[in-house]
Structure formats: structure tokens, C-alpha cells
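# A closer look at the structure
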Amino acid sequence: MRVAESVSPLARDGPSWRYRRSTRQVLRMSAVHLALVATGFLFLLPLLWMVSTSLKSLTQQAAWPPEWIPQPFVWRNYPDAAAFLPLARYTLNSLTITVLFVIGTLLSCPLIAYAFARIRFPGRDFLFIVLIATIMLPGVVRLIPTYLMFRQLGFLNTYLPMVLPAFFGSPLFIFLLRQYFRTFPEELADAARMDGASEIGILYRIFMPMSGPALAVITIFAVQSQWNDFVDPLIYLNKERMRTLAVGLYYFRAYQDTTNWGQMMAAATMMTAPILILFALFQRYFIQGVALTGMKG
Amino acid sequence: MRHMNPIGRRQFLRGIAGGSALAMLAACAVPATSEPAETGEAPAMEPATISFWHIWGGVRDEQLKTVLDDFGAVHPEIIVEPLLLPNPGYADKIVTALAGDAPDLTMIYTVEFAPAAAQGALQSVDDRLAADDVSGDAWYPGIWDMTQWEGTPYGVPFVGNFLQLFYWNMDDYAAAGLDPEAGALVWDDLRHVMSELSTFDDDGNIDHLGFVPGGWGEWMMGTYRNGHDWYGDATPDGIAIDHPLSQEALEFVVDLYARGGGWDSVGAALEGWGNQQLGNPMIAGVASSIRSGIFTVNVINNQNPDLPYKLGKYPHGPNGEHLDLIQACWNMVIPTNAQNPDAAWTLAKYLSHGEGHLKFMVEIQGRPAMIRDYNMAPHDAKAREVNPYWDDALEVLNGKQVSLPVSDKLGAAQNILREAFERVMLEVDSVGDALSWAQGEVEAIFA
Amino acid sequence: MSVSTLSLSVWWARLGQARRRTFLGYLFLSPWLVGLLAFTLFPILAVFGLGFMEYGIFGRPTWIGLQNYRDILTNDRLFLTTLGNTLYFVALSVPLSTVIGFLLAVALNTRLIGQTLFRTAFYVPSIVPQVAAVLLFVWLFHPQIGLINFALDLLGLEGPNWLGRPQWAKPAIVIMGLWGVGGGMIIYLAGLQSIPQHLYEAAEIDGATEMRRFLMITIPLMTPTLFYNLIIGIIGSFQVFVTAYVATQGGPLNSTLFYVLYLYRYGFEEFRLGYASALAWILFLLVLALTVVVFRSSSSWVYYESGGER
């Protein structure tokens, strides 16, 4: 397994071979830097524009040519947006779903991943291929039957359709954890078994404490997926006080009598900020996680 | 019933718990004097919480809440949980809900109403109306037709998409040398207004719009006010989208847009006015005139009471007349899946032909009610205070009315018409090609 | 209670080690197995079955055989449009995001001052919640006062009415998607950094030019990663939904009516679940076929190291 190898190089700052420092090389590297600065700026511009707009008055939003610095700073857009729709309530709802989903994920995925990684039994390899196949299954195929099933179960207007599946494990997270568990030497589990440790004991006393980074990665993925999820809450929730932030933000446009981009961008900023803060705090795990999803099994 | 002391919810529950005959008492407490049907209330029933979905945001959300508060005072046993639906986004919410976790009472638009009724997702209100001794005659006929599916009423009218009037800014008219007292009675008047009152800056970008054209709806309105009926008897099979009168109407609308600088230019002038129900560009001074419903009087009173405006009949084409086209209705319906249909009916009645309707429509909004009687003395006193154009509105309302057929295919057909209109406006198709395409498609839909 | 516990432990003791492992393995897997049945296998079978039925808002589903499929293929005026739109989107967005993501990764994989900073700048847009990102782009694409048309204006170009013209709306939606290439870029970057350095050093000693090293070492060794991203990219792009749902509702003139949006309309705006299920099944087969083709082709272009644990 090459997961461990492929994670660690990320910490390195580029390849180690040395360039001949010819003038041509210096010039070329400057050009690369310059091009990257320009493109990087281009990528960040929309976000800056979002924040800038969120602090503008109606008149200034429509200014031509566009102005970058709000004059004056209209902080009111934020409380106004939060009053226009109960964004605090929506945030709480999104948070509830996210937390429950994460709990479900952390309860189910390690168990399943451990079985795939370290317990030998007939059928395991076949089931692992099934697991990989389900990662590739287009989700839309499931949309209608799943909706009908949850409706039949009386789960409409509850958070269960979003939360419940987490307790049965998400294929991608199981896959990532399994890959991580496989990097631990086989002898680790064997030795513990010799000492009479149960499989559960090995998982929770040995594997889990060693898997902080991998667990952080799937937690972050889980948080992201639920915080951003739009379609499920759209389909399953019909009560205003149950709406999530993603759906609420979408409705923002539907309810406004005149389009106030300042307020809308304020709402969008409020929805984006938690994810960006999370990223700032756990940057390493975000990057590692994404890198891991691309690794071949 | 209002003479009776309403039984409080807690008392009522205590009564049930104690096995007393309170419930029976309530059932027996039929008012001695029989009141007019539209204000009569049903016998008290079990306490219920009902969900009520509507599409009225902004000011009207607040207004509706006052009416619901009144309802709560009369019916303390019914707790109403209103939900404002997003628009757009209304259709998928309502349709999925009808199939699953349905509200007890909801507003529904004709396009969704017909398929829902056809599939059995709505409860017939025939028996309920009969039990309350209300007949369809209470409503304007065109509006009442919009509640029918195969001869049975599946709802009660709440708001009709009708009574389109022409609003104009008198100062703008005067400044452009037009007679501020004269609106626009025929298409040529409207063309003139659009040309004379639209202004452009030095770069050719639009500054101010003479008239706010309402997209493909203008074409629909124009067709009927040009003496033609798309789904009518004009052709053997009843569908005549590509009729010369319809084509004339479409060309008129194209010309109207051209005078405002074209599709994009008009769009730019109207930027941000997506939901004209809650405010409109004429009120904001961005445009000089607009076609809109009578409720706009109330919106102007709220948003810009000093606006120097006047209203009158909306212009018609050379072959038509001032008729009132009822395109669609927002009906109140009780879904088959409703948890508390009886309580829902109590609210439906209150809002559609009871006191709530009178208060919401006539007293608060100053616009005509769906019920004819409510627009007459003595009910109209307050409306006349709010709305100086009351008689003009009633004249249109009591004039010739045409309503589109209630059909579960209407939504699909109108999608085609809207697309045909867009094809012309985005210069993908010529008028002739778009119309013959639409003719074929709509024929196929109704076939 | 104690008796059954006792008999349980006796039974456990009698089981051989291999059987115990098997039992435990399936026990640990059981949540996933239940989930697999309930949330994957059942839905796939059900969507297949529903495709042969008429199932509206009310009443029971009724069997109508192949009628839905017949209607889709012969009677549905928008089926080909929506398929065309989706293929257009896939054909444009998958290669573009692959190339851009890969090139960015290659550029970032050189010796750079502030590499982390660059990496962050390119990555952050991909974690912005989708609805927020789409609303932001609707604002950026504003025909009159949007930032994008302002930039075009500075270049002396007249910006189009992006989301208001059939020929521009799809490219606009592709551009929205490209803002998120950072996710793919990180995957490529990880792949690039796991290429053993000695290969480059050996090639350099042999006098291979940089371009040659890129073509002969970087590209071949990156093919597995490219392959993986291609598959995931195709599957994801076929399901583009939120962008069009929020930004354009499928318009103008159905130019952004993508397959899943179309399916959603049938399913949740008209509640014709049988028809929508048939549509879903067709999409499933299409994606499956394309995936198989890509997998088949992979033997000719994806480089696998021989040996080593797979």
C-alpha cells in the first residue's frame, strides 16, 4: 500500500533535484511565479468580490465601473440578511444534521473498514470490489426509490434521510480508512491477538488511536458533505423551521422583492465562512484527504 | 357560532379526559340564528394544528398574519402553522408534498391544480360546500370555473390572476407632452408610450422604460385582447396558436420590446424586479407605465403613496376589445393526505368566502374579492377609501371575462408557448416558424 | 439469560478460529451490508422495476411494460436536447478540468516560493458550498454590472448576456465548475510528489531534456491518477444539477436543461416516478457503458507498475 508514502511527500516542498541556476532557469522560474500569482489571484477574486459586495449599499452594488472598496461599509447587510430569513435557525439545523452525520460516520466506518483491512474471511475481497463499485454508482439512480422508501417509513420532514445512512457507513470513507489501516504492520494486530485482545479491542485500543489523521480526514469530508448538501434537504424537508442553510440560501432569491446582492452575498459569506475557518484550522487534513481519494487501491 | 363562547383548548382536553359530555355540548351548540353561509362557522371540533401553505411574501405575509390572528380568535381550537413557499421553487415543493407529507390546506396554481385533481391528490369540496349551503354562484363565473375538475369543485378560489389594468405615471406623461389623464386604450397608444417615454443614455444603454412589458404573458394577453382564443373554437380541433390574430399579437409584443431597445435592453432596465407582486419598476420610478393587477393600488399606497399615477383599462388589439382574461387562479385546496381536513376546511372557508376573505381582500388590500357580494355595498366602504379606482376595477371585472381551460395539460402547453416566445425574442426563430412549431407541439400535447 | 450466555460462549469456543474470524468479519461488516441492501441494491432494483410502471402522485404503481422507454425514445421532445446538453457539458468540463488541474499541479510541483500559499489559493474555491458558489457566479455573470463582463470590457470585448443566451449559458456553467478544479489539482499534486525522484535523476544523467522527462516519466506515472480522476469526473459531470437548478432552472430555451435536472422535474415537479425512473435507468446504463469503455481503454494508456501489492 502506498498511502503512507503518498501522504508524506506532501510535506515536502517540491522535488529535491537541483536546477542548474542558469539565467534562463531564473527567468523561467520568475515567469512561472508570475503566471501562478496571476492565476491564483483570478481564483481568489470571486471570493473577494463576494465579501466586498456583502458590504455594499444597493446603489454601490450597481456602480459601473465596479468598485472594490465599499463606501461606506454597510455592515447592516449581515443582520438584515439574518433577519430576512431565520439564518440562525437554518445554521442550527445544518449543524444538527452535520453533527449527527459525523457521529454516525465515526461509529460505523472504522468498524467496517477494520473488517476489510485486518480480518481475513471468505468473501471479503469480493465485497471490497462491491464497495469500490458503489463509490462509482451515480447517486441519481438511487434518488427516487430512496425517496419512496423514506416516505414509506414516515421519514419525510425529519432529518433521518440525511443522517441515517451515515450509521451504515459511507463507501468512500470506509475505503479511505481501510487503506489507512492497511498501512499498519500486520504484526501489530497479530501480537495483540496473541495477548488475547479481541478484535474490537484491537480496533479501539490500537488502530483508532493511531488513526487520528485519517479520522480527521473523514470527519472533515463528512462535515463538508452535509454542510453543503442541497438536494436531500430540498426533497425531504417541507417545514420552514427545519430548513438547512443551503436550501435557505437558495430561497433567498425567491423571497426578495428586489434583488439585493449585498444581502445575498452576506448570506453566502455567512454560509461559506465556517468551512473556510475549518479549513484554516485543519488545512493539512483537508489537503491530505483530497490527495488520498485519488490514490489507487 | 361566534355567539357561543369558544371552548378553550385546555378546557376541551380536560373535558375529554374527564369523560364529560363537553364534546357533545359543542356539537349541539349550533347557532340558533342561521347566519349568511359565507360568514357561518362550523361547529366546534377537536383541537387541531393545521399546516397552511401560501405564496404571499413581504407585506402580504404580514397582512395575512393579521387575518390568521383574527381566525385564531374565532377558532382558538385550531392552531394554524403558515408556511411561505418560495417562488420559483413552489411547484416541486407542493407536488412532492401532495404525494407525501401534505399540508392540511394549501394555495395551488391552476397549472398544478389540474394534474393534482386528476390524480386524486385533492379532496372534493362539493359536499362541504353543499353542507354549508354555498353555491358556486357566489363567485365570478370565470373564477369559479377554475376550481372545477370534470365538473366537481376540488377547491375554492382564493386569488385570481385577472383584472389586468394599465397604470401610468401622470408626471412622466405630461413631461413627454402626452395627456396625463389618458392612459392607453389600444395597442397604438401603448406603442406610442413606449417610444416617447423610454430614454437612453449616450452609449445607447437604457435609462428609463416607457412601459414594462410582461414577457410572454403580454403575448397571451394580447392574443385574447385581439379577439382570438388559443384553445377555443377558432379551428376544428380547437387549438390555434398559429392563427393570424395570435401572430399579430406576438409581432406587437416584439415591436414593443424593440421600442425599448430590444430584449436585453428591457431586461437591463428591469433588473432586480423579478417578483413584481411585491413591488414594481413603475412604483420605483424606473418605468412610466405597467400592466398589473388591481392589488398594485395597495402596493403603491404602501411603498410610494406620493406617486402621481392613474389607472385605467389595459389596451386591446385592433380586432379585440377590453375583455378580462382569467389566466389562472390560486385556489385553496385540501390534499387527500391532509391530517385535519375538517379544520382545514374551516380555515379555507374563512379565507376564501368568510370574513377573512373580506378583510384580507377588500379591507386590507383594497382589491375586489373573489365573491361578488363582497365588492358591493355595504362591504366596499373601506375598499373605496383605499382604492379610488374601485369603480373602474369593477367595470373591468364585470365586463367580458374569458378563462383559460382547466386542463392537466395546460402547464405543458404553456411551456411550449413560453418557449416559442423566447425563441422569437432571442432571435432563434422567426415569428412564423416559432408559431407553427408551437402549433404542432401544443396539438401533440392535447392529442 | 445466563444459560444462553453460557451456551453462546460454548458455541463460540467450539467454533474454529477461521470460522470465528468469518463470523466477526461479517458482524463488523453488518451495518454496511444492511446499508448496501437498503440504500444501494434495493434502490437499483426498484428503479429498474419502477421504470416499467406508471406511478403518479396517487394510487398504486401500474405495470405498463416498455411504454416509458418507448415514450422517452420516441415521444419526448426534450430527451435528446437534455442528453445533448449533458454530453456537451461532460465533453467540455471533464477534459478542461483535467488539463487545468493537471497543469496547475505540475506548476505547483516545481520549486516555488510560497508553494503552500498558491496551493491554498487554488484549493479554497473548491470547498465553497455549492449553492453559495453558484449564487456568487450568477452575480459575477451579471450581464450589465457583473465583474466578468467588466473584465471583458477592459479587454475591449463586449461581454454576452451569459445566463440569458442559449449559446452562452452552458459555457458559463462549465466555468462555474472550473472554479473548483483545486480538488483535482491536489490529487494530481499528490500523485506527482509520489513519483520517485531517482527516475528523474537517472534520466537527467542520460541527458534527457526536461520536456522529454515530462513526457516519458511524469505522464506515464501519472496515468493511474489521471485515469481515476477521469472516471470520477465523468460520473460526476453526468450528474450536474445544483448549478443549473439554482442559476438557470434549465433555461434559456432549455440550453441548461441537464439530464438530472430533467429527471428531477419529472420526478418531483410532475411526480411521474415511473417515467423518471426509466430516465434514471437510461442514465445509469449510459454512465456504466462509458465507464466500461474508459476501463477497457485503460490497458492501452494507463501505466501500472509491475509487482507490488495492488
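Anyway, here's the lowdown on the structure attached to this text. (Residues numbered from 1 in each chain as written. Chains lettered and ligands numbered in written order. Predicted model: local features only at pLDDT ≥ 70, side-chain atom pairs only at ≥ 80, totals over all residues. Heavy atoms only, no water.)

On to the overall build of chain A. Secondary structure assignment for chain A yields 16 helices and zero strands. On C-alpha atoms alone, chain A measures out to a radius of gyration of 24 Å, which is more than a quarter above the 19 Å that the 2.2 N^0.38 rule sets for 297 residues. By its C-alpha atoms, chain A is 75 × 70 × 35 Å across when sized along the principal axes. The 297 residues of chain A split such that 57% are buried. The long-range share in chain A, meaning contacts at least 24 apart out of those at least 6 apart in sequence, stands at 74%. On chain A, roughly 12600 Å² of surface is accessible, and the fraction owed to carbon and sulfur atoms is 67%. Of the charged side chains in chain A, 25 are positive and 14 negative; the average position of the first set lies 6 Å away from that of the second. (Helix = DSSP H or I, 4+ residues; strand = E, 2+ residues; numbered from the N terminus. Rg over C-alpha atoms; globule rule 2.2 N^0.38 Å. Buried < 20%, exposed > 50% of the residue type's maximum accessible area, 1.4 Å probe, protein only. Contact = heavy atoms within 4.5 Å. Areas by Shrake-Rupley, 256 points an atom, 1.4 Å probe, with all protein chains shown as cover. Lys, Arg positive; Asp, Glu negative; His and termini not counted. Charge placed at Lys NZ, Arg CZ, Asp CG, Glu CD.)

With that out of the way, let us pick up the interface of chain A and chain B. Facing the 21 residues of chain A at the interface are 21 residues of chain B. Interface area for chain A against chain B, summed over the two sides, is near 1600 Å², with a carbon-plus-sulfur share of 48%. Applying the counting criterion to the chain A and chain B interface returns zero salt bridges. Across the contact surface, chain A and chain B share five residue pairs in polar contact (both at pLDDT 80 or more). When its residues are assigned to classes, the side of chain A that touches chain B shows ten nonpolar, five polar and six charged. (Buried area = accessible area lost by both parts, 1.4 Å probe. Salt bridge = Lys/Arg side-chain N within 4 Å of Asp/Glu carboxyl O. Polar contact = N/O pair within 3.5 Å; in protein donor to acceptor, adjacent residues only side chain to side chain. Nonpolar A, V, L, I, M, F, W, Y, C, P; charged D, E, K, R; others polar.)

Moving on to the sheet that holds strand S1 (residues 48–54) of chain B. Residues and elements named next belong to chain B. What the five strands build is an open sheet, ordered S2-S1-S3-S13-S6; its pairing is mixed. On the outer flanks of this sheet lie strand S2 (78–84) and strand S6 (156–161), each paired with one strand and no other. For this sheet, the mean inter-axis angle between neighbouring strands, taken without regard to orientation, is 20°. Summarising the sheet, strand S3 (residues 105–109) and strand S13 (residues 328–333) pair through four bridges and their orientation is antiparallel. Across the sheet, the residue bridging to Tyr-109 is Trp-330, located in S13. With respect to the sheet, helix H3 (residues 59–74) is in contact with S1 and S2, its orientation differing from that of S2 by roughly 170°. (Pairing = 2+ DSSP bridges. Axes fitted to C-alpha atoms, helices over the stretch in contact; angles between N-to-C directions.)

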